[in-house]
Amino acid sequence: MGRAMVECLQAAGYDLIVLGNRDRTGVDEAVARGGVEAPTGKALTEQSDIVMICVGTSEQVESRIYGEDSILAGIKPGQVVIDFGTSLPESTQKIGADLAAQGATYLDAPLGRTPAHAKEGKLNIMCSGDKGTYDRVKPVLDVLGENVFHLGALGNGHTIKLINNFFGMTTAVAMSEAFAAADAAGIDRQALYEVMSAGPLRSGMMDFIRNYAVNGQNDLGFAIGNAAKDVGYYGQMLSDMGLQSRMSGCAANALSAAVDNGDGDRMVAEMVDWMGKNLKAKA
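Structural notes, computed from the coordinates. The shown structure was predicted, so the numbers you read here are calculated from the model rather than taken from an experiment.

About the thresholds
Residues numbered from 1 in each chain as written. Predicted model: local features only at pLDDT ≥ 70, side-chain atom pairs only at ≥ 80, totals over all residues. Heavy atoms only, no water. Core = buried A, V, L, I, M, F, W, Y, C linked by side-chain atoms within 4.5 Å. Buried < 20%, exposed > 50% of the residue type's maximum accessible area, 1.4 Å probe, protein only. Helix = DSSP H or I, 4+ residues; strand = E, 2+ residues; numbered from the N terminus. Contact = heavy atoms within 4.5 Å. Axes fitted to C-alpha atoms, helices over the stretch in contact; angles between N-to-C directions. Parallel < 35°, antiparallel > 145°, perpendicular 65-115°, else oblique. Left-handed = near helix turned anticlockwise from the far one by under 90°. Nonpolar A, V, L, I, M, F, W, Y, C, P; charged D, E, K, R; others polar. Pairing = 2+ DSSP bridges.

Digging into the nonpolar core
Counting 31 residues, the largest nonpolar core has Met 169, Phe 179, Ile 209, Leu 255, Met 271 and Met 275 as the members making the most contacts within it. For this core, the secondary structure elements donating two or more residues are helix H9 (156-185), helix H10 (189-197), helix H11 (204-215), helix H12 (224-240), helix H13 (248-263) and helix H14 (271-278). Ranked by residue count, the leading element in this core is H9, at seven residues. With near-sequence residues (within four places) excluded, Leu 255 lies in contact with Met 169, Val 173, Ile 224, Ala 227, Ala 228, Val 231 and Met 271. If you look at the next biggest cluster of nonpolar residues, it comprises 25 residues, including Val 6, Cys 8, Ile 82 and Val 137.

Some details on the packing of H9 against H12
Interaxial distance between H9 and H12 falls to 9 Å at its minimum, and their mutual angle equals 120 degrees. By the angle between their axes, H9 is oblique relative to H12. Once H9 is placed against H12, the crossing between them reads as left-handed. Along its contact with H9, which presents Thr 159, Leu 162, Ile 163, Asn 165, Phe 166 and Met 169, the element H12 presents Ala 227, Asp 230, Val 231, Tyr 233, Tyr 234 and Met 237. Looking at side-chain class alone, the contact of H9 with H12 contains nine nonpolar, two polar and one charged residues.

Focus on unusual backbone geometry
Note: most peptide bonds trans; most residues except glycine with negative phi. Even without glycine at this site, Arg 113 takes up a positive phi of about 90 degrees. The exposure class of Arg 113 is partly exposed, given its relative accessible area of 37%.

With respect to the sheet that holds strand S4 (residues 80-83)
With parallel pairing, three strands are arranged side by side in an open sheet as S3-S4-S5. Both outer strands of the open sheet, strand S3 (50-53) and strand S5 (105-108), are each paired with one neighbouring strand and no more. Each strand axis lies, on average, 20 degrees off the axis of its neighbour in the sheet, ignoring direction. As paired strands, S4 and S5 are joined by four bridges and run parallel to one another. When the bridges of S5 are listed, Asp 83 appears paired with Asp 108.

Considering the sheet that holds strand S7 (residues 123-127)
Spatial strand order, S6-S7-S8: three strands in an open sheet with mixed pairing. Only two strands of the sheet have a single partner each, and these edge strands are strand S6 (111-112) and strand S8 (145-150). Pairing of S7 with S8 involves five bridges; the strand directions are parallel. Paired with Leu 123 across the strands is Gly 145, a residue of S8.

Quick notes on the packing of H9 against H11
Taken N-terminus to C-terminus, the directions of H9 and H11 make an angle of 40 degrees; their axes are 9 Å apart at the nearest point. Of the possible angle classes, the one that applies to H9 and H11 is oblique. Relative to H11, H9 is oriented so that their crossing is right-handed. Across the interface between the two elements, Gly 168, Met 169, Thr 171, Ala 172, Met 175, Ser 176 and Phe 179 of H9 pack against Met 205, Met 206, Ile 209, Arg 210 and Ala 213 of H11. In terms of residue class, the contact of H9 with H11 is made up of eight nonpolar, three polar and one charged.

A few points about the environment of Ala 38
Relative to the helices and strands, Ala 38 is located in the loop between strand S2 (36-37) and helix H3 (41-46). The sequence separation of Ala 38 and Val 18 amounts to 20 residues, and the corresponding C-alpha distance is 5.9 Å. In this structure, Ala 38 is in contact with Ile 17, Val 18, Leu 19, Ala 43 and Leu 44, ignoring residues within four places of it in sequence.

Written as structure tokens, this is what we have:
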């Protein structure tokens, strides 16, 4: 996703300084288009007006924020740091306070849609944090996003994204099991879908799972490993609020079991296959 966002911003004429997270591919592409590679987060921050982070977990975000050669080590008063990932709100609040102590501002802006949308500047961006700062950076967000929302106080974006992903992934896992149960009962998958989709259960997520289950068509570009992380983060978020999720445990258990089985890089719709192999009762 970050690689596609960099390409979009460069196509719009922005000068970018880049730093890789897991591999060099995106960095090399950005440099070939005229970008500059920074050796550390500190160096990148010292040379940038807006620092953008797009990594997979809160742990990875914090590893870039804190440390000797980190973003925090290079921060300047008035600077803006944006986290585009799906992170834990408690971590977001901590980082925001630490940046504010240095005169900088933190925004959380998790994303909806796919890397293909990012390349075209058609993401959904759920931004929250200081409204004045949001207004300052919105022209840049508008380059990246077709639908850009300001959702209030810092952390609201990550909170809403986790609620959204909990609901979506729970639906996906439930529909995957529904197809696996139909298989076991000898019921045609399309017949099941036609009955279920004729009523209020019909949703885009149901259709994503149906398209794979019936046609082998993978329309939902979201990995099982990412889904497991996000549903787990949702449960952690509620725990941090002194609450207990009553609904997320089943989806989290199934997704985590698929990850443990080596299927973390497969797409969420392929949970249909995993369910087909794992509904059998233990002897």
